[in-house]
Amino acid sequence: METLIRKVNTDNPEIDVIKQAADIIKKGGLVGFPTETVYGLGADALNPDASRKIYAAKGRPSDNPLIVHVADIEGLEMVAKEIPDKAKKLIDRFWPGPLTLIFKKKEIVPNQTTGNLDTVAVRMPNNNIALRLIKMSCTGIAAPSGNISGRPSPTIAEHMIDDMDGKIDMIIDGGSCEVGLESTIVDMTGDVPQILRPGAITLEMIKKEIGEVTYDPAVFSAPSENIKPKAPGMKYRHYAPKADFTMFQGEAVAVSKEIIKMTDNLCNEGKKVGIITSNEHLNLYEGVMPGGNVKIVPIGFATRPETIASNLYRVLRDFDKTEVEYILGETFEDDRIGKAIMNRLIKAAGYKIVTVK
Ligand code: TXA
Ligand code: MG
């Protein structure tokens, strides 16, 4: 299949391109499109065959449900059986935006879209291209992140092209995604709302609107017999670069010394090594063994964690284009958006964190 790739201006999207994409969605095809979080791989959420195509293109396990993207409250009412008052408050405050809410689903939503669950995840993205595409498609758009299953989510159109060229009908190139991490997911079906995946809308922000809210314990630890994530997608190895990735936590200078020591050892064995550091700590790595075998990558400013969020997946994907076999990385503060950053990094590292004393 030839994949049509069209560039679009986010502030003032070219309507003919959006219409072409909407026609593809209406006919049951697949379109890659930008949102403020990451690129999505979209299809008509109410068409079971179209949903099935998403799983095939991504190589995604069929028990992993899709998020339905809507452009207005009517879109939400079409798929959600009931909208609790607390959800209404969150919607008023945070939609359109990087917040996905889980509701009991209506019959109209096919099981193929929800991985056979009786609930449905819904979000209204804060991106003009996405909103217009949903409106012109006259349906809800089911859209997982546009990566091949297991790879880091795409945050620029090139990432989507790398993973999906030849497998889907069209990719809309709307530049880079502002946030860079997937939306916060909150289950609204129980008495106390629960965060299943941390994102840019933090627990503190949600608490301020509706009071009590908890985390699914699986957000912070590796899946096990006792700890099973409620968002089926969170149980899979995820966001992972090809290289062996280990993180180091502790005081900054001690961490840099440990990373440099490990790097020297690996280089002496002829291995190629990547180092992930905050921009602030870049100077701590000046002493690292010079030469082509080490790649030091500043990922953003620890004091402005939103810069780390927006660079994170690009940094991981860029390593895949190099020969780097081992990645050694710093950890970051895990408060506010740092929770989402560390949640993704820990998974990318396969839960390998070394504490440096
Ligand atoms: O920011 C985002 O949310 C992006 C953009 C494209 O909107 N989408 C995204 O979709 O991250 P995806 O499919 O990569 O992640 C959706 C997550 C999965 O972990 C899935 O298991 C969970 O949401 N999920 C979807 N429906 C659910 C449901 N009914 N109950 C529990 N978890 C659900
Ligand atoms: Mg995903």
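Above this text is the structure in question.
Residues numbered from 1 in each chain as written. Chains lettered and ligands numbered in written order. Predicted model: local features only at pLDDT ≥ 70, side-chain atom pairs only at ≥ 80, totals over all residues. Heavy atoms only, no water.

> Please set out the site of ligand 1 residue by residue, giving values where relevant.
Taken together, 29 residues lie near ligand 1, and Thr37, Asn64, His69, Ser183 and Gly233 sit nearest. In this structure, arginine 123 approaches ligand 1 through a side-chain N or O atom, which is 2.9 Å from an oxygen atom. Expressed as a share of its isolated accessible area of 690 Å², the protein-covered part of ligand 1 is 97%. Listing elements by their share of the shell around ligand 1, those giving two or more residues are strand 4 (67-69), strand 6 (119-123) and strand 10 (194-197). Grouping the constituent residues of the shell around ligand 1 by class yields 16 nonpolar, eight polar and five charged. (Near = heavy atom within 4 Å. Polar contact = N/O pair within 3.5 Å; in protein donor to acceptor, adjacent residues only side chain to side chain. Areas by Shrake-Rupley, 256 points an atom, 1.4 Å probe, with all protein chains shown as cover. Helix = DSSP H or I, 4+ residues; strand = E, 2+ residues; numbered from the N terminus. Nonpolar A, V, L, I, M, F, W, Y, C, P; charged D, E, K, R; others polar.)

> Could you give me a rundown of unusual backbone geometry, with the residues and numbers involved?
With an omega dihedral of -10°, the bond running from tryptophan 95 to proline 96 counts as a cis peptide bond. Backbone geometry places cysteine 138, a non-glycine residue, at a positive phi of 55°. Note on placement: cysteine 138 falls in the loop between helix 6 (128-137) and strand 7 (141-142). A relative accessible area of 62% means that cysteine 138 is categorised as exposed. (Buried < 20%, exposed > 50% of the residue type's maximum accessible area, 1.4 Å probe, protein only.)

> Outline the environment of glutamate 36, listing residues and values.
Within the secondary structure layout, glutamate 36 lies in the loop between strand 2 (31-33) and strand 3 (40-44). Through-space distance from the C-alpha of glutamate 36 to that of serine 183 is 9.1 Å; in sequence the pair is 147 residues apart. For glutamate 36, the contacting residues outside a window of four places in its chain are Gly97, Pro98, Arg123, Pro125, Asn126, Asn127, Cys177, Glu178, Val179 and Gly180. (Contact = heavy atoms within 4.5 Å.)

> Please set out the pattern of salt bridges residue by residue, giving values where relevant.
Counting across every chain of the model gives 15 salt bridges. Put simply, aspartate 163 and arginine 317 hold a salt bridge, and the shortest N to O gap is 2.8 Å. Of this pair, aspartate 163 sits in helix 7 (residues 157-164) while arginine 317 sits in helix 10 (residues 305-320), and the two are 154 residues apart along the sequence. Taken as a pair, aspartate 163 and arginine 317 share a single burial class, namely buried. Arginine 344 is the partner of glutamate 182 in a salt bridge, and the nearest nitrogen-oxygen pair spans 2.9 Å. Of the two residues, glutamate 182 sits in the loop between strand 8 (170-173) and strand 9 (184-187) while arginine 344 sits in helix 11 (residues 337-348), which places them 162 residues apart along the sequence. The residues glutamate 182 and arginine 344 share a single accessibility class, namely buried. Several salt bridges share partner residues, and in doing so they unite Arg151, Asp163, Arg317 and Asp320 into one network. (Salt bridge = Lys/Arg side-chain N within 4 Å of Asp/Glu carboxyl O.)

> Which residues make up the packing of aromatic side chains, and what are the values?
Taken as a whole and assessed by the stated rule, the structure comprises one aromatic pair. Where tyrosine 215 meets phenylalanine 220, the ring centres are 4.9 Å apart and the plane angle is 80°; that geometry is what we call edge-to-face. Exposure remark for phenylalanine 220: the relative accessible area of 39% places this residue in the partly exposed category. (Phe/Tyr/Trp six-rings, centres within 6.5 Å; stacked < 30°, edge-to-face > 60°.)

> Please set out the sheet that holds strand 16 (residues 353-355) residue by residue, giving values where relevant.
The five strands are arranged 14-13-15-12-16 in an open sheet whose pairing can be described as parallel. The open sheet terminates on both sides in strands that have one partner only, identified here as strand 14 (294-298) and strand 16. In this sheet, adjacent strand axes meet at a mean angle of 20° when their direction is disregarded. Where strand 13 (residues 273-277) lies against strand 15 (residues 326-330), four bridges are found, and the strand directions are parallel. If you follow isoleucine 276 over to strand 15, its bridge partner there is glycine 329. Contacts between helix 9 (residues 252-268) and the sheet are confined to strand 12 (244-249), strand 13, strand 14 and strand 15, with strand 15 contributing the most and set at about 175° to the helix. Sheet strands in contact with helix 11 are strand 12 and strand 16, and its direction is about 135° off that of strand 12. (Pairing = 2+ DSSP bridges. Axes fitted to C-alpha atoms, helices over the stretch in contact; angles between N-to-C directions.)

Taken by themselves, the reported measurements are silent on function.
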